[in-house]
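Remarks on the overall topology
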Amino acid sequence: MTTAFLASLVEAVEALTIVLAVATVRGWRPAGLGAFAGLLVLALIVVALGPLLDRVPLHLLQLAIGILLLLFGMRWLRKAILRSAGVIPLHDEATTFAAETAELREQARRNEARLDWLGGARQLQGGASRRT
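What you see is a predicted model, and the numbers here were worked out from it, not measured in a lab.

Reading the values: the criteria
- Residues numbered from 1 in each chain as written.
- Predicted model: local features only at pLDDT ≥ 70, side-chain atom pairs only at ≥ 80, totals over all residues.
- Heavy atoms only, no water.
- Helix = DSSP H or I, 4+ residues; strand = E, 2+ residues; numbered from the N terminus.
- Buried < 20%, exposed > 50% of the residue type's maximum accessible area, 1.4 Å probe, protein only.
- Contact = heavy atoms within 4.5 Å.
- Areas by Shrake-Rupley, 256 points an atom, 1.4 Å probe, with all protein chains shown as cover.
- pLDDT = per-residue confidence, 0-100.
- Patch = residues over 30% accessible without salt bridge, like charges linked within 9 Å, V, L, I, M, F, W, Y side chains within 5 Å.
- Salt bridge = Lys/Arg side-chain N within 4 Å of Asp/Glu carboxyl O.
- Axes fitted to C-alpha atoms, helices over the stretch in contact; angles between N-to-C directions.
- Parallel < 35°, antiparallel > 145°, perpendicular 65-115°, else oblique.

1. Here we look at the overall build of the chain
When its secondary structure is counted, the chain shows five helices and zero strands. Counting from the amino terminus, helix and strand elements in the chain follow one another as α-α-α-α-α. Residues classed as buried in the chain amount to 15% of the 132 residues present. In the chain, of all internal contacts separated by at least 6 residues, the share reaching a separation of at least 24 is 63%. Summed over its atoms, the accessible surface of the chain is roughly 10,500 Å², and 71% of this surface lies on carbon and sulfur atoms.

Structure (structure tokens):
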């Protein structure tokens, strides 16, 4: 139970970091609305699909999750090996951050009058793809 709690805590810190990054670049209103919308969608998924988990045999669920974790881990290991061998370039995080920040600020300047509902989703998607 402690392991599951700590894993969830890591994800909560990551989500808070993304909300703070969006708030810094886009403003607090889109960040707050995006966080609220995400929590609402999560609550709806848990309410709708939570009871169905009792019907799935535990060993099948564990097997499926284990296979997915193994596949993701192998993909990340492959990328790490290719980066260390020089086959694919290393990430330059400072340059990527500066380019993304400039792009988000430019978008915010163009769309100051209207609320960008998908700005947080684009930030989440971009953050997830850069980690792989």
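2. Topic: the confidence of the model for the chain
Averaged over every residue, the pLDDT of the chain is 81; residues scoring 70 or more account for 83%. Across the chain, the secondary-structure element scoring lowest on mean pLDDT is helix α5 (residues 119–131), at 55, and the one scoring highest is helix α3 (residues 58–84), at 91.

3. Quick word on the environment of R26
One can find R26 in helix α1 (residues 2–26). When its relative accessible area of 15% is taken as the criterion, R26 is described as buried. C-alpha separation for the pair R26 and E106, spaced 80 residues apart in sequence, amounts to 9.7 Å.

4. What to know about a nonpolar patch on the surface
Residues V56, L60, L63, I67, L68, L70, L71, F72, M74 and W76 make up a contiguous nonpolar surface patch of roughly 980 Å² in combined accessible area. Structurally, M74 is set in helix α3.

5. Remarks on the packing of α1 against helix α2 (residues 28–49)
Closest axis-to-axis distance for the α1/α2 pair is 7 Å, and the angle between their directions is 150°. By the criterion of interaxial angle, the relationship of α1 to α2 is roughly antiparallel. Between α1 and α2, the contacting residues are V19, L20, V22, A23 and R26 on the first element and W28, P30, A31 and A35 on the second.

6. Some words on the environment of L61
Locating L61 in the fold gives a position in helix α3. Owing to a relative accessible area of 29%, L61 belongs among the partly exposed residues under this scheme. Once residues within four sequence positions are removed from consideration, L61 is found in contact with L53 and V56.

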